[in-house]
Amino acid sequence: MTLPRRFPDRDEVVAVRADAERLEPGEESAEKRRLAGRVLARRGHGKLVFLDLVDRSGRLQILCDESRTGTVDLDLGDVVGVTGSPARTRRGEPSLAVDALELLAKNRRPLPDTFHGVTDTETRYRQRYLDLLMNEETRADFLLRTRLVSAIRRQLDAAGFVEVETPVLQPRYGGAFARPFVTHHNELDTDLYLRIATELYLKRLIVGGLERVYELGKDFRNEGVSFKHNPEFTMVEWYEAYADYEDTMVRVEELVAAVAREVLGTTEVEFRAHRLDLAPPWRRLGFVESLEEHRLWTRDAEDLERRLRERDVDTRQDRDWPQLVDHAFSHFVEPSLLEPTIVRDYPVEISPFARLRDDGSGLVERFEYFVGGMELGNAFTELADPDEQAARFAQSAAQADGEQGDPDYVEALAYGMPPTGGLGLGIDRLAMILTGRESIRDVILFPALRERP
RNA sequence: GGGCCGUUAGCUCAGCUGGUAGAGCAGGGGACUCUUAAUCCCAAGGUCGAAGGUUCGAAUCCUUCACGGCCCA
């Protein structure tokens, strides 16, 4: 059987449905329209066959009178192209009354249960095409994610940012605390790392005078998998010359709200059974104050460890103060940050790229922002002084899993980086918030799984 | 890495204190010109995740492993 190579001049299901809805029950339009899609239901009635046709835009009943179309010999899951007229059945169902029907692709496997769809999580992830085919919500969520990504680009482009591409394969990794994936370049005979962040390259472009840059793409972190972690994930980072972290706070809360309005039509979302409003201004909370509320703010490692143990926290994995304070924050503060919250002014010891405040507090101009008890991103007034950056790298290298340092980056700073506000935003997590999905695997088309045995 | 739960037909699920593996949908054959989880009739469909063990007898009990999920780290 030779199948057609093309099916031109196709209309969308949603458009034909709108035409059909304007008709009276029993009426058929004189117009001719063409549709193509997947047959996902069949209700045979002798020489009259009702099929449900699904394309990306929606679902519509098509009505095949075999005295008009000839014999309809189809299985569920076949892809067909049809020509016919918008119509409404006597019962009032919007339909397309078909004149001609051609098979465009044959389904050779039984389709999953057409009523329950595919619910087995493993099948949904490993055979995402079945999930997309059978589950309308899945299709809607991934289309939402696509609109989210283009809305972010549109917002940043409109604000005068230029989108750039920096290396995924890097001789040094940096810009975040994370273990990298390592690979090898044969010709250069050198190990390379898959980037854990785009930060250090983007700031080189600020030194280079591009003024407002962003990059939206994959980062890779060789760490655990959880409801909010996938080893490869999508992040947008932007850097804005002549701005500080206060400017950046306003920019991110406005951007997230604008994006939500664009893709959802509202800033109100429901996540983990909480109604949340993404509209600015977001709540501001000092990092130190957030820990003081739990009587967990101290810069003394032994003291902090003792206080954590009193609260039955297992600190055996924490090797120094930076890890302890991070543990304290993520255990006691982060889960409580449901409404959008900006946590600001972090200790310098855990912030190697942020500029110090002028008040001698040992805190830096850095904020992280949280929604639904989950970190969405991280931002600073960038540290521009090359000597201090070199000193921070040295300090960080002495810490457990700290930054390894990047002399080329320090050299770039020596040429003078303008005052700069920079930010990272986790796209997958924002997609979780906007779709209400509680697992990152439900907003990544092909999430990381073990190889099937 | 640890704890708990799950894995039975293509899919969604039953299967009791161990006693001959079931249903619905899908797929096959047939009837039916307004159905919409269409309906009706017929036939078919299984390495019960894998490997061991206990037992006269294991989908069921035990052990190990694999994969997935949730929680903790």
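Asker: Outline the protein's contact with RNA strand B, listing residues and values.
Answerer: As a matter of local geometry, RNA strand B sits amid 38 residues, with G44, R91, D113, E122 and R450 nearest to it. Among all atoms of RNA strand B positioned within 4 Å of the protein, those belonging to sugar or phosphate total 61%. One of the backbone nitrogen or oxygen atoms of R90 is found 3.2 Å away from a base oxygen of RNA strand B. Within the side chain of R441, one N or O atom sits 3.2 Å away from a phosphate oxygen of RNA strand B. When residues of the surface near RNA strand B are traced back to their parent elements, those giving at least two are strand 1 (33-45), strand 2 (48-55), strand 3 (58-65) and helix 3 (121-126). Ranked by the residues each element gives to the surface near RNA strand B, the list is headed by helix 3, at four residues. Residues that form the surface near RNA strand B fall into these classes: ten nonpolar, 13 polar and 15 charged.

Asker: Can you lay out the domain arrangement of chain A for me, pointing to particular residues and giving the numbers?
Answerer: Domain boundaries in chain A define domain 1 (13-111) and domain 2 (133-282 + 339-442). For domain 1 versus domain 2, the distance between C-alpha centres works out to 47 Å. At the interface, six residues of domain 1 touch four residues of domain 2. Taking both sides of the interface into account, the surface hidden between domain 1 and domain 2 amounts to around 460 Å²; carbon and sulfur atoms contribute 72%. Where domain 1 packs against domain 2, one counts zero residue pairs in polar contact (both at pLDDT 80 or more). Those elements giving two or more residues to the side of domain 1 that touches domain 2 turn out to be strand 1 and strand 2. For the side of domain 1 that touches domain 2, the class distribution of residues is three nonpolar, no polar and three charged.

Asker: Can you explain the pairing of strand 15 (residues 341-347)? Please cite residues and give values.
Answerer: Counted residue by residue, strand 15 has seven buried out of seven residues, so it is predominantly covered. Relative to strand 15, strand 14 (residues 283-286) is paired through four bridges, and the arrangement is parallel. Considered in strand 15, the bridge of R284 is made with I342. As defined by bridge partners, strand 15 adjoins strand 16 (residues 363-371) across six bridges and the pair is classed as antiparallel. From the neighbouring strand, R344 faces strand 16, where its bridge partner is F367.

Asker: Quick rundown of the pattern of salt bridges? Include the residues and the values.
Answerer: Scanning the model with the defined rule gives 47 salt bridges in all. Across the pair R195 and D219 runs a salt bridge whose closest N-O atoms are separated by 3.3 Å. Within this pair, whereas R195 is found in the loop between strand 9 (190-194) and helix 6 (199-207), its partner D219 is found in strand 10 (residues 212-220), the two being separated by 24 residues in sequence. Take R195 and D219: they sit in the same class, and that class is buried. Salt bridges here are not isolated pairs; linked through shared partners, they connect D11, D19, R22, E31 and R33.

Asker: Pulling in residues and values, what's your account of the side chain of D219?
Answerer: With relative accessibility at 1%, the residue D219 sits in the buried group. Looking at D219, its side chain comes within polar contact range of the side chain of R195, at 3.3 Å. Ignoring anything within four residues of it in the chain, the contact list for D219 reads R195, I196, A197, T198, P231, E232, F233, M235 and E237.

Asker: Explain the packing of helix 5 (residues 136-158) against helix 13 (residues 427-435) residue by residue, including any values.
Answerer: At their nearest, the axes of helix 5 and helix 13 sit 10 Å apart, and the two run at 125 degrees to each other. Between helix 5 and helix 13, the interaxial angle falls into the category oblique. In the crossing of helix 5 with helix 13, the sense of the turn from one axis to the other is right-handed. On helix 13, the residues that touch D141, L144, R145, L148, V149 and I152 of helix 5 are I427, D428, L430, A431, L434 and T435. Looking at the contact of helix 5 with helix 13, its residues break down into eight nonpolar, one polar and three charged.

Asker: How would you explain the nonpolar core if you had to name every residue and give the values?
Answerer: Core analysis: the biggest nonpolar cluster contains 42 residues, and I152, F367, Y369, L425 and L434 have the highest contact counts within it. Sequence-distant contacts of I152, that is, excluding residues within four places in its chain, are made with L216, V236, L255, V259, L425, I427 and L430. Core analysis: the next-biggest nonpolar cluster, separate from the first, contains 39 residues, V164, V313, L324 and V325 among them.

Asker: So what about the environment of E368? Which residues, and what values?
Answerer: Positionally, E368 belongs in strand 16. You can call E368 buried: its relative accessible area is 9%. Residues E368 and Y242 lie 126 residues apart in sequence; the distance between their C-alpha atoms is 20 Å. When sequence neighbours within four positions are dropped, the list of residues in contact with E368 reads T341, I342, V343, Y346, E375, G377 and N378.

Asker: A description of the sheet that holds strand 7 (residues 169-170) should follow, citing residues and the corresponding values.
Answerer: If you trace the three strands from one edge of the open sheet to the other, you get 7-9-8, paired in antiparallel fashion. In the strand order of this sheet, the two ends are held by strand 7 and strand 8 (182-185), each with one partner. Pairing analysis gives four bridges linking strand 8 to strand 9, with the strands arranged antiparallel. Bridge assignment links T183 to a residue of strand 9, and that residue is L192.

Asker: If you had to explain the packing of aromatic side chains to someone new, which residues and values would you point to?
Answerer: In this structure the tally under the stated criterion is 13 aromatic pairs. Consider the rings of Y173 and Y193, whose centres lie 4.8 Å apart with planes at 65 degrees: the pair is edge-to-face. Highlighted residues: Y173 in the loop between strand 7 and strand 8 and Y193 in strand 9, separated in sequence by 20 residues. Grouped by ring-pair contacts, the aromatic residues F287, W297, W321, F329, Y346 and F370 constitute a single cluster. Directly above the aromatic system of Y201 lies the positively charged group of R204, at a separation of 4.7 Å from the ring centroid. It is R366 that lies over the ring of Y346; its NZ or CZ is 4.4 Å from the centre.

About the thresholds
Residues numbered from 1 in each chain as written. Chains lettered and ligands numbered in written order. Predicted model: local features only at pLDDT ≥ 70, side-chain atom pairs only at ≥ 80, totals over all residues. Heavy atoms only, no water. Near = heavy atom within 4 Å. Polar contact = N/O pair within 3.5 Å; in protein donor to acceptor, adjacent residues only side chain to side chain. Helix = DSSP H or I, 4+ residues; strand = E, 2+ residues; numbered from the N terminus. Nonpolar A, V, L, I, M, F, W, Y, C, P; charged D, E, K, R; others polar. Domains from an automatic or database assignment. Contact = heavy atoms within 4.5 Å. Buried area = accessible area lost by both parts, 1.4 Å probe. Buried < 20%, exposed > 50% of the residue type's maximum accessible area, 1.4 Å probe, protein only. Pairing = 2+ DSSP bridges. Salt bridge = Lys/Arg side-chain N within 4 Å of Asp/Glu carboxyl O. Axes fitted to C-alpha atoms, helices over the stretch in contact; angles between N-to-C directions. Parallel < 35°, antiparallel > 145°, perpendicular 65-115°, else oblique. Left-handed = near helix turned anticlockwise from the far one by under 90°. Core = buried A, V, L, I, M, F, W, Y, C linked by side-chain atoms within 4.5 Å. Phe/Tyr/Trp six-rings, centres within 6.5 Å; stacked < 30°, edge-to-face > 60°. Lys NZ or Arg CZ within 6 Å of the ring centre and 35° of its normal.

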